[in-house]
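# A structural walkthrough
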Amino acid sequence: SEALHVVDQAMVQAIHPDQVLAVIARESVRVTGGSSALVTLLSGDRQRQFVRATYGAGMTEYVGLELPIQGNLTGLVIRTGLPQISRHPASDPRLNQDLVRAGNWQDVIEAPIRTKEKVLGVLVVASAQPQRFDEQHLRLLTLLANQAGRLLENAELHARARDVAVLEERNRLA
């Protein structure tokens, strides 16, 4: 609803996809009532995942952090393509405990950022309040994650079109 509109506006106005990912992180916190969020994306070879955007107290320093794919909750979301919930983050070995402590995470929801063909990353929202999230929050987060997937897919298509245009111009001038 309003959050989707804000993200759409950011997609139109933003110069770089990372700016839009930051808006998605912020809006996901706003619509869910969470306290912090992060967006992870897979590397081009799909073997590694990195935090690309964050929102909330203590989260900024984690942009660029590599998270494992195996044995990690975001890795489970990537492998299964399904959203996940962690009700007890401080005792959940699948979560990065530095992030849990920095954000005082008491409840966590995660949704896959996907295109039609593949999962690109994960949208994670945490709350400092226990048992904060329900199924409706998970559905809202999934909608925002789907929107992020469309954004990234469009950005990739625009980059390819730009590359083709540059090649065509070079060939024309040659």
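Remember, predicted model here, so these are calculated numbers, not experimental data.

Scanning the protein from N- to C-terminus turns up 5 helices and 6 strands. Seen in sequence order, the protein has helices and strands lined up from the N terminus as α-α-β-β-β-α-β-α-β-β-α. For the protein, the proportion of its 174 residues judged to be buried stands at 42%.

What follows covers helix 2 (residues 17-32). With 16 residues, helix 2 should cover 22 Å at 1.5 Å per step; its first-to-last C-alpha distance of 22 Å lies within 8% of that length. Buried residues of helix 2: Val20, Leu21, Val23, Ile24, Ala25, Glu27, Ser28, Val29 and Thr32, and no others. Taken from the residues just after helix 2, Gly33 is the one with a positive phi, measuring 75°.

Let's shift gears to the sheet that holds strand 4 (residues 84-86). As summarised here, the arrangement of the 6 strands in space is 3-2-1-6-5-4, forming an open sheet in which the pairing is antiparallel. Single-partner strands in this sheet number two, and they are strand 3 (66-67) and strand 4. Bridging between strand 2 (residues 49-55) and strand 3 involves 2 bridges; their strand directions are antiparallel. Considered in strand 3, the bridge of Phe50 is made with Glu66. Sheet strands touched by helix 2: strand 1 (36-42), strand 2, strand 5 (107-114) and strand 6 (119-127). Its angle to strand 2, the strand with the most contacts, is close to 60°.

This brings us to the environment of Leu42. Mapped onto the elements, Leu42 comes out in strand 1. A relative accessible area of 14% places Leu42 in the buried class. Each C-alpha atom of the pair Leu42 and Val122 lies 8.8 Å from the other, and the pair is 80 residues apart in sequence. The contacts of Leu42, once residues within four sequence positions are left out, are Arg48, Gln49, Ile69, Ile78, Val119, Leu120 and Gly121.

What counts and what doesn't
- In this numbering scheme, every chain counts its residues from 1 along its sequence in written order.
- Whole-chain, interface and lining totals are the exception, using all residues; otherwise, since this is a predicted model, local features are given only for residues with pLDDT of at least 70 and side-chain atom pairs are given and counted only at 80 or more.
- The side-chain quantities take in all heavy atoms of the structure and omit both hydrogens and water.
- Note on conventions: DSSP H or I runs of at least 4 residues are helices, E runs of at least 2 residues are strands, and numbering of each starts at the N terminus.
- For every residue, the accessible area obtained with a 1.4 Å probe (protein chains only) is divided by the maximum for its type, and the residue is called buried under 20%, exposed over 50%, and partly exposed between those limits.
- Each helix should span, by expectation, one fewer than its residue count multiplied by 1.5 Å.
- Criterion used throughout: strands pair if DSSP finds at least two bridges between them.
- Contacts are residue-level and defined by heavy atoms, with any inter-residue pair within 4.5 Å sufficient.
- An axis is simply a line fitted to the C-alpha atoms; with a helix, the fit covers only the stretch in contact. Between two such axes, the angle follows the N-to-C directions and lies from 0 to 180 degrees.

Treat this as a map of the structure, not an account of what it does.
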